[in-house]
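# Summary of structural features
Given next are the chains, with one letter for each unit.
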Amino acid sequence: MTTTRERIYQCLLNRRETEKAIDLIKTKFPVMMSERLNLFKISCPLAIMDGTGINDDLNGIERPVKFPIRNQSDATAVVVQSLAKWKRWQLAELEAENGEGILTDMRALRPDEDYSPLHSLYVDQWDWEQKISEKHRNLEYLKAVVESIYGIFQELEGSIAKTFPAIQPILPEKITFIQAEELLRKYPNLSPKEREYQACKEHQAVFLIGIGDVLSNGEKHDGRAPDYDDWSSYNSEGHKGLNGDILVWNPMLENSFELSSMGIRVDADTLERQLEISGQQERKELFFHKKLLNGELPQSIGGGIGQSRTCMFLLRKKHIGEVQSGIWPEKEVENCKEQGIELMK
């Protein structure tokens, strides 16, 4: 018979080992990204001016943190939620060449996030963007980039295992590509999260393609803002979407686990279409959108890779608070203690 004590979570690394492992991951991952995708590192803002259209809406419901700026009449700044549009603007500013891109260390605050083992108010990502030519705005190129990034996760998992033998590699040799519409047809009676659960449990590592547009059941798999990823163009397999999420099976949570969201970005025609679909045509008057519609921004592919998420998965942690300091409700702290989870303070 299993006792309560036996069910208590036992972390594979102590606090000092965890900090050492986090440093290893955060040091090696951006170097490997830069080498494999021809990226160079740049600095990025924590806050930007409101009303430019550069900050991202994510799923369209999140509120950015706002604050007034002293000595600038009526000026309001917003803490970034993502840098998808900012990065594309920077590719133009830096005169990047085709096949060349940028990588930055993004920090954000998302006050509308619900506390959970996967979410906190604080977001840290490796945000990247690569300039591409028109001929690379296709599913084949998207898949090739996904495979390159997945290879980094695999290699880094191997490095962690060599340094900390208590952690053994679990990622499969290859990542499986699945269309959101195909997954719906396979599991028509399940919710989107339940479908992701089944896909990851079966394949262990999945890139789910086509997130943002309405599927055949009249519902979206998940929300996406209309002005960065291309989720409405038909791809070479006859489905909609040139974007997606890297999902893996997390044995600690016994659930699907998102590591990255990425995609080929909208061109002028796609932006027009997606703004119309979402009923947000007024955005065409914003700074970023005008530049894109006027042909002043390059074609690109890009995404964000969660730093804490990556550390959490590779170090076999059950809670994101084990790999980042944060503000936690007392109830969350107590619940974690009961499970044997020690949150960073």
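Residues numbered from 1 in each chain as written. Predicted model: local features only at pLDDT ≥ 70, side-chain atom pairs only at ≥ 80, totals over all residues. Heavy atoms only, no water.

### What to know about the overall build of the protein
Short version of the rule: Secondary structure counts use DSSP, requiring at least four H or I residues in a row for a helix and at least two E residues in a row for a strand, with both numbered from the N terminus. Radius of gyration: C-alpha atoms only; globule rule: 2.2 Å multiplied by the number of residues to the exponent 0.38. Remark: exposure states derive from per-residue accessible area (1.4 Å probe, protein chains only) relative to the maximum for the residue type, with buried under 20%, exposed over 50%, and partly exposed in between. Contacts: residue pairs with any heavy atoms within 4.5 Å of one another. The accessible surface values rely on the Shrake-Rupley method and a 1.4 Å probe; as for residues, cover is taken only from the protein chains in view.
Across its full length, the protein holds 10 helices and 11 strands. The C-alpha radius of gyration computed for the protein amounts to 20 Å, which stays within 12% of the reference 20 Å derived for 345 residues, consistent with globular compactness. On the principal axes, the C-alpha backbone points of the protein span a range of 65 × 55 × 40 Å. Per-residue burial over the protein gives 52% buried out of 345 residues. Considering only intrachain contacts with a sequence separation of at least 6, the fraction spanning at least 24 residues in the protein is 72%. Summed over all atoms, the accessible surface of the protein reaches about 16,300 Å², with 48% contributed by carbon and sulfur.

### Quick look at the pairing of strand 5 (residues 101-109)
As a general feature of sheets, a regular strand has side chains that alternate between the two faces. As a reminder, the rule being used: A pair of strands is labelled paired if DSSP reports no fewer than 2 bridges between them.
Summarising the sheet, strand 1 (residues 39-41) and strand 5 pair through 3 bridges and their orientation is parallel. Counted as the bridge partner of Phe40 is Ile102 from strand 5. Here 9 bridges tie strand 5 to strand 6 (residues 122-131), and the two strands are oriented antiparallel to one another. When the bridges of strand 6 are listed, Leu109 appears paired with Tyr122.

### Re the environment of Ile301
In this fold, Ile301 is placed in strand 11 (residues 300-306). As a C-alpha pair, Ile301 and Arg265 span 36 residues in sequence and 5.6 Å in three-dimensional space. Filtering out sequence-adjacent residues up to four positions away, Ile301 remains in contact with Trp128, Glu129, Gln130, Ile132, Tyr141, Leu142, Val145, Met262, Gly263, Ile264 and Arg265.

### Describing the environment of Val145
Note that Val145 resides in helix 4 (residues 139-163). Each C-alpha atom, one on Val145 and one on Arg16, is 34 Å from the other, the two residues being 129 residues apart in sequence. Those residues in contact with Val145 that sit more than four places away from it in its chain are Leu37, Trp128, Met262 and Ile301.

### A short note on the sheet that holds strand 2 (residues 47-49)
Rule in force here: Where helices are involved, their axes are fitted lines through C-alpha atoms of the stretch in contact, as for all axes, and angles between N-to-C directions lie from 0 to 180°.
Strand order across the open sheet formed by 3 strands is 2-4-3, with antiparallel pairing between neighbours. Looking at the sheet topology across the chains shown, the edges are occupied by strand 2 and strand 3 (66-68). Taken over all neighbouring pairs, the strand axes of this sheet differ in orientation by 35° on average, direction set aside. With 3 bridges connecting them, strand 3 and strand 4 (residues 76-79) associate as antiparallel partners. Bridge pairing in strand 4 links Phe67 to Ala77.

### Details of the environment of Gln125
Mapped onto the fold, Gln125 is located in strand 6. Expressed as a C-alpha distance, the spacing of Gln125 and Asp105, which sit 20 residues apart in the sequence, is 6.2 Å.

### Observations concerning the pattern of salt bridges
Condition: A pairing counts as a salt bridge when a side-chain nitrogen of Lys or Arg comes within 4 Å of a carboxyl oxygen of Asp or Glu.
The tally for this structure, following the rule as stated, stands at 23 salt bridges. A salt bridge links Arg265 to Glu129; its shortest N-O distance comes to 2.9 Å. In this pair, Arg265 sits in the loop between strand 10 (255-264) and helix 7 (268-278) while Glu129 sits in strand 6, placing the two residues 136 residues apart along the sequence. Residues Glu202 and Lys186 are paired through a salt bridge, measuring 3.0 Å at the closest nitrogen-oxygen approach.

### Quick notes on helix 7
Definition in use: Arc, as used here, means the arc of the directions from the helix axis to the C-beta atoms.
Those residues of helix 7 lying buried are Thr270, Leu271, Gln274 and Leu275. Projection of helix 7 onto a plane perpendicular to its axis shows the buried side chains occupying an angular sector of 130°, all on one side. The exposed residues of helix 7 that point more than 90 degrees off its buried face are Asp269 and Glu276. Looking one or two places after helix 7, you find Gly279, whose phi comes out positive at around 70°.

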